[in-house]
Amino acid sequence: MAQTEKKGGLLRKSSASKKPLKEKVVLMYDEIFTTEDPSKCNPRFWEELFLMKVNLEYLEGKLEALDGEELMKIKDNINCLFQHCIQALGEEHPIRVVNALQTLCALIRGVHQKNKSTSGFDIINMLVGFDKAELCMKNLMESLDSLLCAEGSESLKSLCLKLLLCLVTILSSPLSRREHGYDAVVLLALLVNYRKYESVNPYIVKLSIVDDEATLNGMGLVIAQALSEYNRQYKDKEEEHQTGFFSALTNMVGSMFIADADEKISVQTNEAILLALYEAVHLNRNFITVLAQSHPEMGLMTTPTSPVPTTPVTPLGTTPPSSDVISSAELPLDADVQTSNLLITFLKYSSIVMQDTKDEHRLHSGKLCLIILTCIAEDQYANAFLHDDNMNFRVNLHRMPMRHRKKAADKNLPCRPLVCAVLDLMVEFIVTHMMKEFPMDLYVRCIQIVHKLLCYQKKCRVRLHYTWRELWSALINLLKFLMSNETVLLAKHNIFTLALMVVNLFNMFITYGDTFLPTPSSYDELYYEIIRMHQNFDNLYSMVLRLSTNAGQWKEPASKVTHALVNIRAIINHFNPKIESYAAVNHISQLSEDQVLEVVRSNYDTLTLKLQDGLDQYERYSEQHKEAAFFKELVRSISINVRKNLAFNTLSQELLLKEFSTIS
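Residues numbered from 1 in each chain as written. Predicted model: local features only at pLDDT ≥ 70, side-chain atom pairs only at ≥ 80, totals over all residues. Heavy atoms only, no water.

Caption draft 1: Structural context of the overall build of the protein. Looking only at helices and strands, the protein has 31 helices and seven strands in total. By the burial criterion, 50% of the 664 residues in the protein qualify as buried. (Helix = DSSP H or I, 4+ residues; strand = E, 2+ residues; numbered from the N terminus. Buried < 20%, exposed > 50% of the residue type's maximum accessible area, 1.4 Å probe, protein only.)

Printed below as a string of structure tokens:
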């Protein structure tokens, strides 16, 4: 009996008959690749197709062999195949479902590859047709959601994930990115988090190795646009408040209503897009370069927009930016327009969401911003462009309204390396969150970010021209706050962990400051601040000494702070008598700053300090062991929010269509 061999969709008998026979599925594919409707002669064509084992190689090869014009001729059949694949996903027979999933993968991949080499058609239109796109994609997502959530085959779920991975490749296409980029980025963020701690997630692997520049830049542009839109809307609301009734009332009766007005400006944040940024920064080293890609500041560009129907208002930050916002890749660079990049946009966004951490939702949003900054602060390449003197930007961070300070004028902001804006953001957070509901976790992350930046500066001997006094003052005031609220805070937190971190930041400046502070006078100013504020350090030493000599739960952590204060106390004890002596000899009741600095400079040589180990070392960020619970809860919250908004948007459109149908 003749043996049968299979090759490339052909069946060849090994007998004398050499004429190849095609598999039935291949013959059916050939019918699809004609201009005729394949179900015209065979009404059961689509039912039979999904019972046949898929020949991926042949199907993708057929798509590859066609040029753009030939593909457009069979567009109706491609649309029909795509729609019948979606229908088959709802079948009970698993063979049909598996074959439909594999066919969809081949179809999407093949059409996408063709689009990369041929212009003249849109991927979405070629696959489903513009008129049916929204309904088809909705049905597809619902079917995939059901398959992923159901108890069933893990292989089937893996196929679903592979199909979704094919879908998110649209990020590299400018046209598709504008129309569908936001949804693709949010989808990718959720897929990366799908059972990430229970099993091997292919999306984590795929995202970590993506090196295609167009795809990475596309993802960066989508994130930048979403964050820019949020920043713009927040600024509009802020200006509305300043020029409205509340502003007039505040001017009349003082600043007692500042807190209330600020509450009203607080708006819902966009954790979904923030999660996407985190995953990209955390998983993909190549994405770090995207953070620094310059483009004109999106908020400053004006583009003509067409009127859109009025729809019910959704919370700010939960919906994607409108599709008529021009992609920054298409914006002309103008010498008079402030340039920006994704990192600047993110820093501005962070400065808004980190203002108010009083409720759990905003607390989580602020935490995610700080986690992203932690990943950036640990990255060598990110630090290189953060500290680059040739990359100077004017970054207008939002500052919380406070009674004792004036709002800085935007035009007075200097152009500086981006690390200055990161440090400004950290200082702003330290100064503005000393409150009864103390966000200890956020403070710890904030101090860690500063420490990691200092470690880079020390290692690479980067002399950053920054107003270090503002940081030193903020840190000393933080220590003062911890001491003033010792009883209340110790009931909830181990404040000595934070106090130790702050003291060690000063130790870092004392021990290594001569290698990274900009000038010798900056080092002198450090000593001046320590001496000027010595009472705070004295009080801290008294507190930790008291607790470290008592047998209690705080003995060990308090002892660590006691030992860490050794050099700060040495400086105070060395210079204070010299300053008092100088004042007595010169009959001066109160010395000026210059006079104190003169005493400091002339007495360095007799100061003895102890060398402290490990000041420039830190534990690197790790998600799985320390942050798993946070991300599980965050993803659950994002999923609920995304699902709610999808249903809401669909409903509002259906209402509009119903309304239009009644117009004569």
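Caption draft 2: Spatial organisation of helix H15 (residues 271-283). Compared with the 18 Å implied by 1.5 Å per residue over 13 residues, the 18 Å span of H15 between its first and last C-alpha is a close match. Taken across its 13 residues, H15 has twelve buried, putting it largely inside the fold. Glu 271, Ala 272, Ile 273, Leu 274, Leu 275, Ala 276, Leu 277, Tyr 278, Glu 279, Ala 280, Val 281 and Leu 283 are the residues of H15 that are buried. (Expected span 1.5 Å × (residues − 1).)

Caption draft 3: Fine view of helix H5 (residues 75-88). For H5, built from 14 residues, the straight-helix expectation of 20 Å at 1.5 Å per residue is met to within 8% by its first-to-last C-alpha distance of 20 Å. Of all 14 residues in H5, eleven are buried, a share of seventy percent or more. When H5 is considered as a whole, its buried residues turn out to be Lys 75, Asn 77, Ile 78, Asn 79, Leu 81, Phe 82, Gln 83, His 84, Cys 85, Ile 86 and Ala 88.

Caption draft 4: Main features of empty space enclosed by the protein. Counted under the stated rule, the structure contains five cavities of 30 Å³ or more. Computed from the structure, the second largest cavity encloses a volume of approximately 60 Å³. As for the second largest cavity, its lining consists of Ser 351, Met 354, Gln 355, Met 400, Leu 425, Glu 428, Phe 429, Thr 432 and His 433. Broken down by element, the residue count for the lining of the second largest cavity peaks at four residues, all from helix H20 (residues 418-432). Each residue belonging to the lining of the second largest cavity can be placed in one class, and the counts come to four nonpolar, four polar and one charged. (1 Å grid on protein atoms, 1.4 Å probe; cavity = no way out; pocket = protein on both sides within 12 Å on 5 of 7 lines; lining within 4 Å. Points joined across faces, edges and corners; volume = space filled by probe spheres on them. Nonpolar A, V, L, I, M, F, W, Y, C, P; charged D, E, K, R; others polar.)

Caption draft 5: View of the environment of Gln 612. Inspection of the secondary structure puts Gln 612 in the loop between helix H29 (593-601) and helix H30 (623-626). Measuring from C-alpha to C-alpha, the distance between Gln 612 and Asn 504 comes to 9.5 Å, with 108 residues separating the pair along the chain. With residues near it in sequence (within four places) discarded, Gln 612 still touches Asn 507, Tyr 512, His 563, Ala 564, Val 566 and Asn 567. Engagement of the side chain of Gln 612 in a polar contact is seen with the side chain of Asn 507, the distance being 3.3 Å. (Contact = heavy atoms within 4.5 Å. Polar contact = N/O pair within 3.5 Å; in protein donor to acceptor, adjacent residues only side chain to side chain.)

Caption draft 6: A nonpolar patch on the surface, seen in detail. Taken together, the side chains of Val 200, Val 205 and Ile 209 make up a nonpolar region of the molecular surface, amounting to roughly 310 Å² of accessible area. Along the chain, Val 205 turns up in helix H11 (residues 202-209). (Patch = residues over 30% accessible without salt bridge, like charges linked within 9 Å, V, L, I, M, F, W, Y side chains within 5 Å. Areas by Shrake-Rupley, 256 points an atom, 1.4 Å probe, with all protein chains shown as cover. Salt bridge = Lys/Arg side-chain N within 4 Å of Asp/Glu carboxyl O.)

Caption draft 7: Representation of the side chain of Asn 270 in the model. Turning to its location among the elements, Asn 270 is positioned in the loop between helix H14 (258-265) and H15. A polar side-chain atom of Asn 270 sits 3.1 Å from a polar atom in the side chain of Tyr 182.

Caption draft 8: Looking closely at unusual backbone geometry. A positive phi angle is found at Arg 461, which is not glycine, with a value near 50°. Turning to its location among the elements, Arg 461 is positioned in the loop between helix H21 (440-460) and helix H22 (468-484). Look at Arg 461 and you get exposed, because its relative accessible area is 57%. Within the chain, His 587 stands out as a residue other than glycine whose phi angle is a positive 55°. The topology assignment puts His 587 in the loop between helix H28 (566-585) and H29.

Caption draft 9: A look at the packing of helix H25 (residues 520-532) against H29. It is at 10 Å that the axes of H25 and H29 come closest, and there the two elements cross at 105°. One way to sum up the angle between H25 and H29 is to call them roughly perpendicular. From H25, Ser 521, Asp 524, Glu 525, Tyr 527, Tyr 528 and Ile 531 reach across to H29, where they touch Glu 593, Val 596, Leu 597, Val 600 and Arg 601. The residue makeup of the contact of H25 with H29, split by class, is six nonpolar, one polar and four charged. (Axes fitted to C-alpha atoms, helices over the stretch in contact; angles between N-to-C directions. Parallel < 35°, antiparallel > 145°, perpendicular 65-115°, else oblique.)

Caption draft 10: Representation of the confidence of the model for the protein within the structure. On average, residues of the protein carry a pLDDT of 81, and 79% of them reach 70 or more. A low-confidence stretch, residues 249-264 (pLDDT under 50), is modelled with 14 contacts involving residues beyond four sequence positions or located in other chains. Low pLDDT (under 50) marks residues 647-664, which in the prediction has nine contacts with non-local residues, meaning those over four places away or in another chain. (pLDDT = per-residue confidence, 0-100.)

Caption draft 11: A look at the environment of Gln 293. Structurally, the position occupied by Gln 293 is in the loop between helix H16 (288-291) and strand E4 (295-296). On the accessibility criterion, Gln 293 (36% relative accessible area) is partly exposed. Separated by 73 residues in sequence, Gln 293 and Gly 220 place their C-alpha atoms 9.0 Å apart. Discounting chain neighbours no more than four positions away, the residues touching Gln 293 are Asn 217, Ser 340, Asn 341 and Leu 342.

Caption draft 12: Examining the packing of aromatic side chains more closely. Evaluated as defined, the whole model comprises 21 aromatic pairs. Look at Tyr 278 and Phe 631: their rings are 4.7 Å apart centre to centre, the planes differ by 20°, and that puts the pair in the stacked class. Here Phe 631 lies in helix H31 (residues 628-661) and Tyr 278 lies in helix H15, a separation of 353 residues in the sequence. Like Tyr 278, the residue Phe 631 is buried in the burial classification. Clustering of aromatic rings is evident, with ring pairs tying together Tyr 466, Trp 468, Trp 472, Phe 509 and Phe 516. A cation over a ring is seen here: Lys 196 above Phe 631, with NZ or CZ 5.6 Å from the ring centre. If you follow Arg 569 out to its NZ or CZ, it ends over the ring of Tyr 541, 3.7 Å from the centre. (Phe/Tyr/Trp six-rings, centres within 6.5 Å; stacked < 30°, edge-to-face > 60°. Lys NZ or Arg CZ within 6 Å of the ring centre and 35° of its normal.)

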